[in-house]
Amino acid sequence: MKNFILPLGALALTACNVSAESKQSERPNVLFIYADDIGYGDLSCYGTAAVKTPNVEALASEGIRFTNAHCGAATSTPSRYGLLTGECPWRKKGTGIAAGDAAMIITPDRYTLADMFKDAGYKTGVVGKWHLGLGNETGKQDWNGVVKPNPEDIGFDYSYIMAATADRTPCIFMENGKGVGLDPNDPVYVSYTANFPGEPTGKDNPELLRMHPSHGHDQSIVNGISRIGYMKGGKSALWRDEDIADSITAHAIRFIERTSKEGEPFFLYLATNDIHVPRVPNERFIGKSGLGPRGDALLSFDWTVGEVMKTLKRLNLDENTIVILSSDNGAVIDDGYKDQAVELLGDHKPTGVYRGGKYSSYEGGTRVPCILRWKGKVQPGVSETLMSQLDWFASFASMCGVNIPEGAAPDSENHLDAWMDAEKKEGRDYVVVQNVNNNLSITDGTWKYIPAANGPAISKQTNTELGNRPNNHQLYYLVSDPGEKNNVYKDNKEKAEQLRAKLISEIERGAHYKGLKELKANQ
Ligand code: NG6
Ligand code: CA
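Residues numbered from 1 in each chain as written. Chains lettered and ligands numbered in written order. Predicted model: local features only at pLDDT ≥ 70, side-chain atom pairs only at ≥ 80, totals over all residues. Heavy atoms only, no water.

1. Structural notes on the sheet that holds strand β17 (residues 431-434)
Phase 1 of the analysis: On the basis of which strands lie adjacent, the open sheet formed by four strands has the order β17-β18-β19-β22 and antiparallel pairing. The outermost strands of the open sheet, each flanked by one partner alone, are β17 and β22 (474-477). Each adjacent strand pair in this sheet contributes to an overall mean axis angle of 20°, direction not counted.
Phase 2 of the analysis: Pairing analysis gives two bridges linking strand β18 (residues 440-443) to strand β19 (residues 447-450), with the strands arranged antiparallel. Among the inter-strand pairings, I442 is bridged to a residue of β19, identified as Y449. (Pairing = 2+ DSSP bridges. Helix = DSSP H or I, 4+ residues; strand = E, 2+ residues; numbered from the N terminus. Axes fitted to C-alpha atoms, helices over the stretch in contact; angles between N-to-C directions.)

2. Remarks on the packing of aromatic side chains
Phase 1 of the analysis: Within the structure shown, the criterion is met by 24 aromatic pairs.
Phase 2 of the analysis: Pairing F66 with W419 gives two aromatic rings, centres 4.9 Å apart and planes at 65°, and the pair type is edge-to-face. Taken together, the residues span a long stretch of sequence, with F66 in strand β2 (residues 64-66) and W419 in helix α10 (residues 416-420) at a distance of 353 residues. Taken individually, F66 and W419 each receive the classification buried, so the pair is uniform in this respect.
Phase 3 of the analysis: Note on Y160 and F173: the rings are 4.6 Å apart at their centroids and 15° apart in plane angle, and the pair reads as stacked. Remark: F173 occurs in strand β6 (residues 173-175) and Y160 occurs in strand β5 (residues 158-162); sequence separation between them is 13 residues. The residues Y160 and F173 share a single accessibility class, namely buried.
Phase 4 of the analysis: Counting every residue linked through ring pairs, the aromatic cluster contains F32, Y34, F66, F117, Y122, W130, F156, F267, Y269, W392, F396 and W419. (Phe/Tyr/Trp six-rings, centres within 6.5 Å; stacked < 30°, edge-to-face > 60°. Buried < 20%, exposed > 50% of the residue type's maximum accessible area, 1.4 Å probe, protein only.)

3. Section: the confidence of the model for the protein
Phase 1 of the analysis: Confidence in the prediction for the protein averages 94 pLDDT; 95% of positions are at 70 or higher.
Phase 2 of the analysis: Every residue in residues 1-25 is under pLDDT 50, and counting partners more than four places away or in other chains gives 36 contacts. (pLDDT = per-residue confidence, 0-100. Contact = heavy atoms within 4.5 Å.)

4. So, the environment of K425
Phase 1 of the analysis: Along the chain, the position of K425 falls in the loop between α10 and β17.
Phase 2 of the analysis: Residue K425 is classed as exposed on the basis of its relative accessible area, which comes to 59%.
Phase 3 of the analysis: Distance from K425 to K349, taken between C-alpha atoms, is 28 Å for residues 76 residues apart in sequence.

5. Considering the packing of helix α3 (residues 54-61) against helix α7 (residues 293-314)
Phase 1 of the analysis: Put simply, α3 and α7 touch, their axes get as near as 7 Å, and they point 55° apart. Comparing the axis directions of α3 and α7 gives the class oblique. For the pair formed by α3 and α7, the contact residues are P54, N55, V56 and L59 on the first element and F301, D302, W303, V305, G306 and M309 on the second.
Phase 2 of the analysis: Here the residues of the contact of α3 with α7 sort into seven nonpolar, two polar and one charged. (Parallel < 35°, antiparallel > 145°, perpendicular 65-115°, else oblique. Nonpolar A, V, L, I, M, F, W, Y, C, P; charged D, E, K, R; others polar.)

6. Examining the sheet that holds β5
Phase 1 of the analysis: In space, the ten strands of this open sheet follow the order β7-β6-β5-β4-β12-β1-β13-β14-β2-β15, with mixed pairing throughout. Unpaired on one side and paired on the other, β7 (178-179) and β15 (381-383) mark the two borders of the sheet.
Phase 2 of the analysis: Examined bridge by bridge, strand β13 (residues 321-327) and strand β14 (residues 370-373) share four bridges and lie antiparallel to one another. The residue of β14 that forms the bridge with S326 is C370.

7. Thoughts on the coordination of the calcium ion (ligand 2)
Phase 1 of the analysis: Coordination sphere of the calcium ion (ligand 2), protein contribution only: D36 (OD), D37 (OD), D328 (OD), D328 (OD) and N329 (OD1), at 2.2 to 2.7 Å.
Phase 2 of the analysis: Around the calcium ion (ligand 2), the six donor atoms sit at angles spanning 52 to 172°, and that spread fits a shape best called irregular.
Phase 3 of the analysis: Within one chain, the residues donating to the calcium ion (ligand 2) are spaced in sequence as D-D-x290-D-N. Of this pair, D36 sits in the loop between β1 (29-35) and α3 while D328 sits in the loop between β13 and α8 (363-366); the two residues are 292 residues apart in sequence, bridging distant segments of the chain.
Phase 4 of the analysis: A relative accessible area of 0% places D328 in the buried class. (Donors = N, O, S within 2.8 Å, 3.2 Å for Na, K, Ca; no water. Tetrahedral: all angles 85-135°; square planar, octahedral: opposite > 155°, others 65-115°.)

8. As for the nonpolar core
Phase 1 of the analysis: Core analysis: the largest hydrophobic core is formed by 108 residues, its most contacted members being F32, M116, W130, Y269 and F396.
Phase 2 of the analysis: Per-element accounting of this core gives the leading share, eight residues, to α7.
Phase 3 of the analysis: When residues no more than four places from it in sequence are discounted, the contact partners of F32 are L83, L113, F267, L268, Y269, L270, I324, W392 and F396. (Core = buried A, V, L, I, M, F, W, Y, C linked by side-chain atoms within 4.5 Å.)

9. Section: the side chain of T53
Phase 1 of the analysis: Positionally, T53 belongs in the loop between β1 and α3.
Phase 2 of the analysis: Given a relative accessible area of 0%, T53 falls into the buried group.
Phase 3 of the analysis: Look past the residues within four positions of T53 in its chain and what remains in contact with it is L43, S44, L298 and D302.

10. Re unusual backbone geometry
Phase 1 of the analysis: For the bond from K148 to P149, the omega torsion is -5°, close enough to zero to count as cis.
Phase 2 of the analysis: Note on placement: P149 falls in the loop between β4 (123-129) and β5.
Phase 3 of the analysis: Going from D274 to I275, the amide bond is cis rather than trans, its omega being 5°.
Phase 4 of the analysis: Counting through the fold element by element, I275 comes out in the loop between β12 (266-271) and α7.
Phase 5 of the analysis: Despite not being glycine, N176 has its phi angle at roughly 45°, a positive value.
Phase 6 of the analysis: Position of N176 among the secondary structure elements: in the loop between β6 and β7.
Phase 7 of the analysis: Judged by its relative accessible area of 33%, N176 falls in the partly exposed class.
Phase 8 of the analysis: Not every positive phi belongs to a glycine, and A409 is a case in point at roughly 45°.
Phase 9 of the analysis: Mapped onto the fold, A409 is located in the loop between α9 (391-400) and α10.

And the structure:
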C-alpha cells in the first residue's frame, strides 16, 4: 500500500463508524470517460507525435497510465456489456454490435455496475453513446413516447444518450428514455427493415451527400450524411453532427454540477461519440490536426476531457474524484466513410506497435489506452500490469464496501490494489477477449494464444487483420514480439496448450459459449 493512501475497504469501514453526512463527503466521485474507437497509439501520452492531446496528457501525468489494459471485446456493444455487467460478453447471446432499434440487451433484472454504485449511495448517470439497446422489443419502440426499459431500469438515475451510434438511426438524443426536442406534430419513425416511402437514401440519392460512404452507411440521410438504418420525421430533434461533442460535454458537466450541489457523490459514465464515424467534429477543430476528420475528432475528444477536468477543479471536486479514461475497442482507419482518414494518416500509427485494430483478435483490437487519476491519493506512474475493464465492477465494489449479489458480475475480479498503485504487479492472470467474429483469444500478458477459428483473415472493408486462421493456432511472445509478427506456436506447443486449457476452463466455468464445440474439436 505504498502509494494508495486509503487502505482497501477503508470506505466500507468508515461507513460503519461515522454519520451519513461525513460518510458521503469521504466517498470519492467516480468518472469514467469512455472513448469510442481510440486506439492504443492515438494519444500523445501513448507516444504519438502526430497529434497533440494535452488534456489527456495532463491526466496521464497526474495518474497511472496502464500499458496492458484491455477492453472486453474488439467492438463497442460487447465491450460496454462487459463493462456494465462484469460478465464476458461471449457468455451472452445477442451482445454483438447492436442495431439502432435493438431491444435493451441488459435486462432490468441484472445487477449492474450502476446498481452497485447506487447501493453505495451514489447518484449515477450515463451521458453519451449507449449502444446497448432500448425498450423491450427490437423494432417495436415508440420513439415519440418514453422508451422503456432504458438506462434508468438498470441503475442509472440520469441518462442523456444516443440510442446507438452516430452512424445509426435514430439520430436524436434520448433523455431519461424520451426523445429530446421532438415536436408532437412531426413524430419520428425508425426502421431497420425498409425505407419510408419518398425518403431519400445514400444509395439512391448520392447527390444529396456531403460525406460519402466507403462501405455500408447508405440508408437514411441526416445532415447530408447517410447512415445505417432508416428514419423519418423528428426534424426538430435531429442532432447536428458538429454539435454532438458539445452536447454530450455540456450534459456531463450539468450532471456533475447538479449532483455536487445536492452533496451526493456521483458515478458518471461519460461515453463520448468521438472518434467514431461519421467523424464530423465541431467547426473549431476542422483542419487543426492535419490528419483530417479522424485526427480532428481526437482533438475534440481531448477538448471534452479538458472541459470536464476544468469543471471538477471549479467545483473543488478535483481531489475527490477518481477519473478513469479508456476506450471501447482499438483503432480503425476507414470505418465506412470517405473521410480521408487513410489518405492523411502519414506516419501516425493508431494502434501503436500493435497488430490488427478494432474488430481484431490481435492486440490492436483490445489493448487500449487506460488512465486512472486520483489526485492526492494515487501516485502517478506507469503500470505494465495486465488489466481488464471487466474488473472495474468488482474493484470499485470493493472500494465502496458493496457486496456483489450471488451470480452478478461473474467475470469481474477485484484488482483495486493494482488499479490504484502502479507498483503492484498482481493484476489479471489471464485476459480472454473476443473479436468481431466472436472468436476468442487469451493472453497472460507475456504470451498470446489465438486458437484456430473460422472467419476471414482480413476485413476487406476496413482493411484490418482480424486474426482468424481456420487451420492454424497462433502463439506470440509479446515481450519481444509485441507486434505479433512471429507465430511461435510450433516451437512452444506446451505453452500454447497451457493457455488453451485455461481458455477452455474459463469458458466452462460459466454460461455457454457457442464456439466451444468447434474450439475443442480444433486441436
Ligand atoms: C459496423 C459498421 C461500422 C461501425 C461498427 C460499430 C458497416 C459496414 N460498418 O457494422 O461503421 O458502425 O459496426 O462500431 O456498417 S462500434 O464501435 O460501435 O462497435
Ligand atoms: Ca467503438
